[in-house]
Amino acid sequence: MTTQKLYQLPVEQARASYRTGVGVMEQPQIEVARGAGDADVRGVALGHALQALDRATRLTDELLALARLDHDTEAPLSATPGWQAQLDLAALVQDRVAAVAVPALARGLEVSLQVSDDAAPVAGHPDWIAMAVDNLLSNALKYTPAGGQVRVAVASVERGMAVVVHDTGPGVRPEDLPKLGDRFDRLGARGEGAGLGLSITRQVAARHGGRLLFEVEGGLRATLILPTQAPDVTPP
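In this text, all values refer to a predicted model and were calculated from it rather than measured experimentally. (Residues numbered from 1 in each chain as written. Predicted model: local features only at pLDDT ≥ 70, side-chain atom pairs only at ≥ 80, totals over all residues. Heavy atoms only, no water.)

A.B. asks: Just to check I follow, could you spell out the packing of helix α5 (residues 126–142) against helix α6 (residues 197–207) for this structure?
C.D. replies: Helix-helix packing: each pair is described by the crossing angle between the helix axes and the interaxial distance. Relative to each other, α5 and α6 sit at 145 degrees, their axes nearing to 9 Å. Viewed along their axes, α5 and α6 form a crossing whose handedness is left-handed. Taken together, the residues of α6 that come into contact with α5 (itself represented by Trp128, Ile129, Met131, Ala132, Asn135, Leu136 and Asn139) are Gly197, Leu198, Ile200, Thr201 and Val204. Its residues assigned to classes, the contact of α5 with α6 shows eight nonpolar, four polar and no charged. (Axes fitted to C-alpha atoms, helices over the stretch in contact; angles between N-to-C directions. Helix = DSSP H or I, 4+ residues; strand = E, 2+ residues; numbered from the N terminus. Left-handed = near helix turned anticlockwise from the far one by under 90°. Contact = heavy atoms within 4.5 Å. Nonpolar A, V, L, I, M, F, W, Y, C, P; charged D, E, K, R; others polar.)

Printed below as a string of structure tokens:
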């Protein structure tokens, strides 16, 4: 009999992160809003409550995503519904970049995309790859100060394609690079949130037979490498 891994998450870390995500909601923000006679006070309290709800929603989505990636460990991702043997990676990345470009511009950030002429389709699941790209973009935008840049590129590599997201943020210490993608690891300067987004991206890469690499080069440079041929990969 095979025991399936529904979760590979440290329970205490998951609980602590969830409390962090809803921490503001632990305060009586809604009660403050209900009892406030001043419209400004009521607006601030409701704003805090909505921010906490948004954090809790994102954290729940991330935990569910990790659970799904850890589930059905004996089946390759290519066996799941929605898998595409010829996925237009360049178009997918273009859509994800377009979704963040305008909000980023409003924050004083420049987002650019460069696609190589020899860009080729990859074998992959569009939903999971979109989530991986979104996480890389979100991480880059989150830690890039106003006036900075997030440069995205889609380029061919040996037996695959690479999505590169390079920001002009503070980066991380070189000795911390191997820790990027570890679950619940916030790494100081890039330490807000639950520390799950890059972990999801790394797991998506692994389930596709690819890799997630990091470099410090005037900011953080993240490279998601995906094969052009369907892999026969099951998680460890």
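A.B. asks: Can you walk me through the sheet that holds strand β4 (residues 149–157) in this structure?
C.D. replies: Pairing between the strands of a sheet is mediated by backbone hydrogen bonds and can be parallel or antiparallel. The strand order across the open sheet formed by five strands is β2-β4-β5-β7-β6, and the pairing between neighbours is mixed. In the strand order of this sheet, the two ends are held by β2 (110–115) and β6 (211–216), each with one partner. Ignoring strand direction, the axes of neighbouring strands in this sheet form an average angle of 15 degrees. Across six bridges, the pairing between β2 and β4 is parallel. By the bridge assignment, valine 115 is partnered in β4 with valine 154. Against the sheet, α6 engages β6 and β7 (220–227), with an angle of about 135 degrees to β6. (Pairing = 2+ DSSP bridges.)

A.B. asks: Please explain the nonpolar core as it appears in this structure.
C.D. replies: Generally speaking, a soluble globular protein has its nonpolar side chains buried in company with each other. Residues Leu89, Val93, Ile129, Val133, Phe214 and Leu224 are the most contacted members of the largest nonpolar core, which totals 41 residues. Of all elements in the fold, only α4 (89–106), β3 (122–124), α5, β4, β5 (160–167), α6, β6 and β7 reach the threshold of two or more residues within this core. Ranked by residues supplied to this core, first place goes to α5 with nine residues. Once residues within four sequence positions are removed from consideration, leucine 224 is found in contact with Ala132, Val133, Leu136, Met161, Ala162, Val163, Thr201, Ala205, Arg211 and Leu212. (Core = buried A, V, L, I, M, F, W, Y, C linked by side-chain atoms within 4.5 Å. Buried < 20%, exposed > 50% of the residue type's maximum accessible area, 1.4 Å probe, protein only.)

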